[in-house]
Amino acid sequence: MARPRNIKISFIKTPSPFFTFLPVSPFTSLLNKFPSLRIHRPYSSSRPRSYLFVFFLLILLSLLGLSLLRLVSVSQNPSPSFLTLLSPPPSHPPFASPSSKNHEPVVLSRSATMPLPAHPVSGNATAEEAEFWAQPDGEGYRPCLDFTIQYRKASAKISKEKQKFLVVVVLGGLNQQKIQIVDAVVIARILEAALVVPVLAVDQIWEDESEFSEIFDVDHFKRTLQADVRVLNRGGVLILSGMYSKLSKNLPLDLQKLRCKVAFHALRFVSPIQELGDKFARRLWIKGPYIALHLRLEKDVWVRSGCLTGLGPEHDDIIRKIRESQPQLLTDRLNMTNTQRRLAGLCPLNALQVARLIKALGAPRTAQVYRAGGEPFGGAQALQGLVDKFPNVITKEMLAREGELSPYINRSSAMAALDYIVSLSSDVFLPSNGGNMGSAMQGHRAYVGHRKFVKPNHRGMVGFFEDTSISEAEFSSIMKKMHRRHQGQPENRTNKRSSSDVTTYPVPECMCRHGIRSLLRS
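Small disclaimer: the values here were computed from a predicted structure and weren't measured. (Residues numbered from 1 in each chain as written. Predicted model: local features only at pLDDT ≥ 70, side-chain atom pairs only at ≥ 80, totals over all residues. Heavy atoms only, no water.)

> Sorry, what's going on with the nonpolar core here?
Across soluble globular proteins, you tend to see nonpolar side chains buried next to one another. Membership of the largest hydrophobic core comes to 75 residues, with the highest contact counts inside it found for Phe212, Phe221, Leu258, Val262, Phe269 and Ile273. Ranked by residues supplied to this core, first place goes to helix α4 (residues 174-191) with 10 residues. Judged by nonpolar contacts, the second largest core, of 39 residues, contains Leu295, Cys347, Ala367 and Met479. (Core = buried A, V, L, I, M, F, W, Y, C linked by side-chain atoms within 4.5 Å. Buried < 20%, exposed > 50% of the residue type's maximum accessible area, 1.4 Å probe, protein only. Helix = DSSP H or I, 4+ residues; strand = E, 2+ residues; numbered from the N terminus.)

The following block contains the structure:
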């Protein structure tokens with residue numbers, strides 16, 4: 001459970017603060033009109049509320065699993081309320097006005113976080129190596145965030161909202177927080193509320209106390225979204241821990257485009273982090289093409305996945321004991337054994353399996369391999385299978401010069417941001433396990449031109465990894481065939497599961513083939 005950040009209350013003066021937690025039940029879609037609901041007030045209040053607004057808010061909160069803060073207005077006789085959107089007294093404005101020195105809107109065609117260009121295939125490469133480094137056919141898709149006239153008309157009022165404020169707390173690691181921030185902006189837009197700069201909760205695993213402004217460029221965030229929703233600095237408020245986002249993945253087209261606008265344009269890292277990440281990427285890029293691997297081999301991954309580490313009985317026993325002492329950490333399918341999970345493709349690939357896969361796909365032994373991710377459980381032993389086949393494995397610690405990483409020691413979000421920047425510029429990216437980083441990278445690489453992204457077929461590969469009777473040539477042929485259509489080619493989100501996110505599959509809502517249409521008509 002993430003713990004709350006201690007923040008001084010500078011404007012709330014009441015005998016005791018009131019916080020109301022709302023039950024959350026996931027709804028599946030916002031595509032239809034909101035039905036009439038019969039909702040009973042949990043208690044009487046001396047201040048009348050609009051039933052329509054209350055019903056609307058509760059429906060949206062059912063979709064959103066973010067924690068909303070109870071903001072208590074100054075009053076001599078305060079009474080509890082289950083609303084989190086309040087109209088503060090004019091004499092006590094709770095949130096600071098935007099402090100941006102430049103209030104001009106951001107031009108979207110120049111604001112997306114872009115990678116370094118992919119390397120052309122070397123004339124000295126073998127046919128197999130050339131195939132590996134070749135980029136997928138983007139089929140002419142380009143970003144197209146042209147909002148409807150109805151959306152733009154509504155923006156005139158919504159972007160100037162000064163009476164209702166939405167405050168959210170986002171949980172987890174960096175990429176999970178980004179997903180929730182995207183949802184928070186969309187919810188603020190639907191509620192026609194001003195969004196207070198989100199609060200990053202302190203997670204029990206990552207234990208990073210970074211503020212939003214220490215990771216993301218707040219000024220850029222505000223200016224990029226100033227035509228969509230008003231974003232304000234946070235004043236003194238008491239913050240409680242949040243809940244995970246349950247906002248539907250299937251929204252009206254304008255809101256899907258807004259999701260992409262937030263994810264790929266508004267959420268830019270602060271300059272010191274972005275510039276350092278760019279330096280690391282250039283230090284790799286100048287030496288030639290490189291692969292980025294997001295290896296999820298940390299202890300918590302093995303505990304949560306319910307899988308064996310592949311490091312032997314001693315390491316597996318350590319994980320088993322942690323899992324037995326904290327059964328709540330196991331995230332899914334509690335009735336499955338280790339073997340059943342592995343055969344179902346639910347286990348992360350270990351370093352040796354990743355090495356065998358990229359070798360089978362044609363990666364040369366001399367390739368630069370950037371390893372993103374935390375310290376693996378088992379240390380050097382856990383990485384030996386990769387290093388044996390690809391000795392040129394590089395990390396951000398190896399790329400950094402003296403003192404460059406010093407400001408980010410024990411700041412996992414900043415470290416993850418550096419990994420993200422370097423990975424985005426890689427010629428080939430491959431995640432060892434499904435997760436937020438893999439999903440974010442898949443969508444971002446698609447949005448900037450469909451950069452090569454290898455999505456491992458975990459379930460399909462299991463039997464071949466364990467079959468010692470097939471030759472390396474046969475294994476290579478099987479892997480290439482299995483992954484031929486899973487290397488970053490455009491994939492239509494509407495052909496996927498209803499839970500697929502537009503920020504992972506931006507086609508067709510956020511990318512189109514009709515030339516480079518206007519990126520900013522909002």
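Still to come is the rest of the account.
> Just checking my understanding: could you explain the sheet that holds strand β5 (residues 194-196) for this structure?
Pairing between sheet strands relies on hydrogen bonds along the backbone, with the strands arranged either parallel or antiparallel. Pairing in this open sheet of 3 strands is parallel, and the strands run β3-β5-β7 from one edge to the other. Two strands close off the open sheet at either side, each with one partner strand: β3 (165-166) and β7 (231-232). As paired strands, β5 and β7 are joined by 2 bridges and run parallel to one another. Along β7, the bridge assignment pairs Leu195 with Val231. (Pairing = 2+ DSSP bridges.)

> What am I meant to see in the packing of aromatic side chains here?
Each aromatic ring pair is characterised by the separation of its centres together with the angle its planes make. In total, this model carries 9 aromatic pairs according to the counting rule given. Taking the ring centre of Tyr420 as reference, the NZ or CZ of Lys178 above it sits at 3.9 Å. When the ring centre of Tyr151 is taken as origin, the NZ or CZ atom of Arg189, which lies over that ring, is 3.6 Å away. (Phe/Tyr/Trp six-rings, centres within 6.5 Å; stacked < 30°, edge-to-face > 60°. Lys NZ or Arg CZ within 6 Å of the ring centre and 35° of its normal.)

> Sorry if this is basic, but what is going on with the side chain of Thr395 here?
Its location among the elements puts Thr395 in the loop between β10 (393-394) and α14 (396-399). Of the residues examined, Thr395 reaches a relative accessible area of 11% and is grouped as buried.

> In this structure, what is going on with the pattern of salt bridges? I would like to understand it.
Two side chains of opposite charge can pair, provided their charged atoms sit close to one another. Summed over the entire model, instances satisfying the criterion amount to 22 salt bridges. Across the salt bridge formed by Asp228 and Lys261, the nearest N and O atoms sit 2.5 Å from each other. Of this pair, Asp228 sits in the loop between α6 (218-225) and β7 while Lys261 sits in helix α7 (residues 253-266), and the two are 33 residues apart along the sequence. Take Asp228 and Lys261: they sit in the same class, and that class is buried. Between Arg320 and Glu324 there is a salt bridge, and its shortest N-O distance comes to 3.0 Å. One end of the pair, Arg320, and the other, Glu324, are both in helix α10 (residues 313-325), 4 residues apart, so they sit about a helical turn from each other. Sharing partners across several salt bridges, the network here consists of Arg296, Glu298, Asp300 and Arg304. (Salt bridge = Lys/Arg side-chain N within 4 Å of Asp/Glu carboxyl O.)

> It is not clear to me how the packing of helix α15 (residues 412-424) against helix α16 (residues 436-447) should be interpreted in this structure. Could you clarify?
If you want to describe how two helices pack, look at the angle between their axes and the distance between the axes. Their axes nearest at 11 Å, the elements α15 and α16 cross at an angle of 40°. Viewed along their axes, α15 and α16 adopt a mutual orientation that is oblique. Two packed elements cross with a definite hand, and for α15 against α16 that hand is right-handed. For the pair formed by α15 and α16, the contact residues are Asp419, Tyr420, Ser423 and Leu424 on the first element and Met437, Ala440, Met441, His444 and Arg445 on the second. (Axes fitted to C-alpha atoms, helices over the stretch in contact; angles between N-to-C directions. Parallel < 35°, antiparallel > 145°, perpendicular 65-115°, else oblique. Left-handed = near helix turned anticlockwise from the far one by under 90°. Contact = heavy atoms within 4.5 Å.)

> Could you clarify how one ought to interpret the state of the cysteines in this entry?
Here a disulfide denotes a covalent bond joining the sulfur atom of one cysteine to the sulfur atom of another. Under the counting rule described, the total for this entry stands at 3 disulfides. Cys307 shares a disulfide with Cys347; S-S distance 2.0 Å. Residues Cys307 and Cys347 share a disulfide whose torsion about the S-S bond is about -90°; that sign makes it left-handed. Here the residue Cys307 occupies a position in the loop between α9 (299-305) and α10, and Cys347 occupies one in the loop between α11 (338-343) and α12 (351-360), the gap between them amounting to 40 residues. (Disulfide = S-S within 2.5 Å.)

> Is there a simple way to explain α6 in this structure?
An α-helical turn contains 3.6 residues, so a residue and the one three or four places further along point in the same direction. When you tally the buried positions in α6, you get 7 out of 8 residues, the bulk of the element. Along α6, the positions that sit buried rather than exposed are Val218, His220, Phe221, Lys222, Arg223, Thr224 and Leu225. Contacts made by the buried residues of α6 are with α4, β5, α5 (212-215), β7 and α7. With a side-chain oxygen lying 3.2 Å from the backbone nitrogen of Asp219, the N-terminal cap of α6 falls on Asp217. (Polar contact = N/O pair within 3.5 Å; in protein donor to acceptor, adjacent residues only side chain to side chain.)

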